[in-house]
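Summary of the model geometry
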Number of protein chains: 2
Amino acid sequence: MRTFIIVGHKATTSPDFSLEDIPGTSGRLDILCRCINAAFVLSHGIRHDVRVLLVLCGGEPSKIVCLRGGDLRHLNPDERTTAALLKKALAVVAESQWSRSTPGIFVRTGGLSDVLSEIKGKKILYLKEDGTDIRNQDGKLLDDAAFILGDHLGMTTEEESMIEQAGAEVVSIGPVSLHADHCIVILNWFLDTNPFSP
Amino acid sequence: MRTFIIVGHKATTSPDFSLEDIPGTSGRLDILCRCINAAFVLSHGIRHDVRVLLVLCGGEPSKIVCLRGGDLRHLNPDERTTAALLKKALAVVAESQWSRSTPGIFVRTGGLSDVLSEIKGKKILYLKEDGTDIRNQDGKLLDDAAFILGDHLGMTTEEESMIEQAGAEVVSIGPVSLHADHCIVILNWFLDTNPFSP
């Protein structure tokens, strides 16, 4: 299963944001909505072999939202519908264990360190402009990997240190700096076509 | 300059759609908004060397909207802001010649045949699942090419015939059928990294 982890540094942990102004009222939850679309949406359905873990740091305590392709329902490609699903998830009373919101969407309190515990044992790749070319990786080993991406603010030094300690390799997908959702589209395509395997 | 052409078969030609329900009231203009994001948006700015031509067939007469990266302004990554820019463009009185809406956005009446006249002389690639692998193309020749993509409804037989007569080659980017915006992300990445040139 492919896992995409995106850290939203200002992303709200509260459902009290406006669907009429997602970027302006939710701490840029729109970025995470586009990442969800990029991770799951296909022409005729959704990817079942994908999991997305969103780390929302714009509230106290921080929260993690998990979306699992295998049982995900009600996901449409547009940004507003996705934001409405996240709004519902954030209205669920979150504890340190997972609670289910709508089918395939789960929420808990926690931060990046909890997510890193969750993916322990997996190959971890941290996407960053100055990483080594991902095409040097053996594509066959990546289909069960976890990919960590930042939002528009990038990772803090403390976060990067945690990611490094978790054993992540730092990789880049190309010479042009792209938004997280575009990186996810390209990563899915990499794994679909496996153009760089030996 | 890279040109992306997307045909919106039901896409409204009128500004009278709701920003609160773009998919439900605009003939799926949301699809075209995501294509605009995919074509232009970079981490720190927009792509200046890109042009997007949208063919809106959900009204009489049909309209063409052109977005030019070189002078495009007010484009944010979120879907709603992009839809608001299209709403403004559709409020401009359209004639058979281009009229400017906001900076970098132009509108006229017309359809796919007019767009094909507009790109005459360019290398044209029509994206379709059963096309030949795009990686067989010489990447160096593609940076000035025009790429034609359908929306969720695909092209009609008549449109495909027009595209063929314009000299287009039919190409595919991989084994999985993707939405037009995801195809554009991958095409931009192809052209950025040029991984398949000889």
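Only a predicted model underlies this, so the values are computations on that prediction, with no experimental measurement involved. (Residues numbered from 1 in each chain as written. Chains lettered and ligands numbered in written order. Predicted model: local features only at pLDDT ≥ 70, side-chain atom pairs only at ≥ 80, totals over all residues. Heavy atoms only, no water.)

Once that is clear, we can look at the interface of chain B and chain A. The interface is formed by 34 residues belonging to chain B together with 34 residues belonging to chain A. Summed over both sides, the interface of chain B with chain A buries roughly 2800 Å², with 61% coming from carbon and sulfur. Of all residues in chain B, His 179, His 182 and Trp 189 of chain B bury the most surface against chain A, accounting for 21% of the area lost on that side. Across the contact surface, chain B and chain A share zero salt bridges. Listed by contribution, the elements that provide at least two residues to the side of chain B that touches chain A are helix 2 (29–40), strand 2 (41–42), helix 3 (79–91) and helix 6 (180–193) of chain B. The element contributing the most residues to the side of chain B that touches chain A is helix 6 of chain B, with eight residues. A breakdown of the residues in the side of chain B that touches chain A according to their chemical character gives 15 nonpolar, eight polar and eleven charged. (Contact = heavy atoms within 4.5 Å. Buried area = accessible area lost by both parts, 1.4 Å probe. Salt bridge = Lys/Arg side-chain N within 4 Å of Asp/Glu carboxyl O. Helix = DSSP H or I, 4+ residues; strand = E, 2+ residues; numbered from the N terminus. Nonpolar A, V, L, I, M, F, W, Y, C, P; charged D, E, K, R; others polar.)

Our next topic: the sheet that holds strand 9 (residues 146–149) of chain B. Residues and elements named next belong to chain B. Taken in spatial order, the eight strands of this open sheet run 6-7-5-4-1-9-8-10, and their pairing is mixed. Lying at the two open borders of the sheet, with one neighbouring strand each, are strand 6 (99–100) and strand 10 (169–172). One ladder, built from five bridges, connects strand 5 (residues 63–68) with strand 7 (residues 105–109); its direction is antiparallel. Bridge pairing in strand 7 links Leu 67 to Ile 105. Sitting on the sheet, helix 2 touches strand 1 (2–12), strand 4 (50–58) and strand 5, and the angle it makes with strand 4 is about 175 degrees. (Pairing = 2+ DSSP bridges. Axes fitted to C-alpha atoms, helices over the stretch in contact; angles between N-to-C directions.)

Glancing now at the sheet that holds strand 7 (residues 105–109) of chain A. In any sheet, the strands associate via hydrogen bonds between backbone groups, in a parallel or an antiparallel arrangement. Residue and element names in this part refer to chain A. Read from one edge of the open sheet, eight strands run 6-7-5-4-1-9-8-10, paired in mixed fashion. Looking at which strands have only one partner, the edges of the open sheet turn out to be strand 6 (99–100) and strand 10 (169–172). Running at roughly 175 degrees to strand 1 (residues 2–12), helix 6 (residues 180–193) makes contact with strand 1, strand 4 (50–58), strand 8 (124–133) and strand 9 (146–149) of the sheet.

Before going further, it helps to examine the relation of the copies chain B and chain A. Rotating chain B by 180 degrees about the axis while translating it 0.0 Å along that axis superimposes it on chain A, leaving an RMSD of 0.0 Å. As the rotation angle and translation indicate, the two copies are arranged about a two-fold axis. (Least-squares fit on C-alpha atoms with pLDDT ≥ 70 in both.)

Turning next to the confidence of the model for chain A. Caution is warranted with low-pLDDT regions, since their predicted coordinates should not be read in detail. Confidence along chain A averages 94 in pLDDT terms, with 98% of residues attaining 70 or more. For this predicted complex, the interface score ipTM comes out at 0.95, while the overall pTM is 0.96. (pLDDT = per-residue confidence, 0-100.)

This next bit is on the nonpolar core. The biggest cluster of nonpolar side chains holds 104 residues, and the ones touching the most others in it are Phe 147 of chain A together with Phe 147 of chain B. Ignoring sequence-local partners within four residues, the contact set of Phe 147 of chain B consists of Thr 3, Phe 4, Ile 5, Leu 125, Leu 127, Ile 134, Leu 142, Leu 187 and Leu 191 of chain B. (Core = buried A, V, L, I, M, F, W, Y, C linked by side-chain atoms within 4.5 Å. Buried < 20%, exposed > 50% of the residue type's maximum accessible area, 1.4 Å probe, protein only.)

The subject of this paragraph is the pairing of strand 1 of chain B. Residues and elements named next belong to chain B. Counted residue by residue, strand 1 has ten buried out of eleven residues, so it is predominantly covered. Note: strand 1 against strand 4, eight bridges, orientation parallel. Residue pairing in the sheet places Val 7 in a bridge with Val 55 of strand 4. When strand 1 meets strand 9, the two strands line up parallel, connected through four bridges. Considered in strand 9, the bridge of Phe 4 is made with Phe 147.

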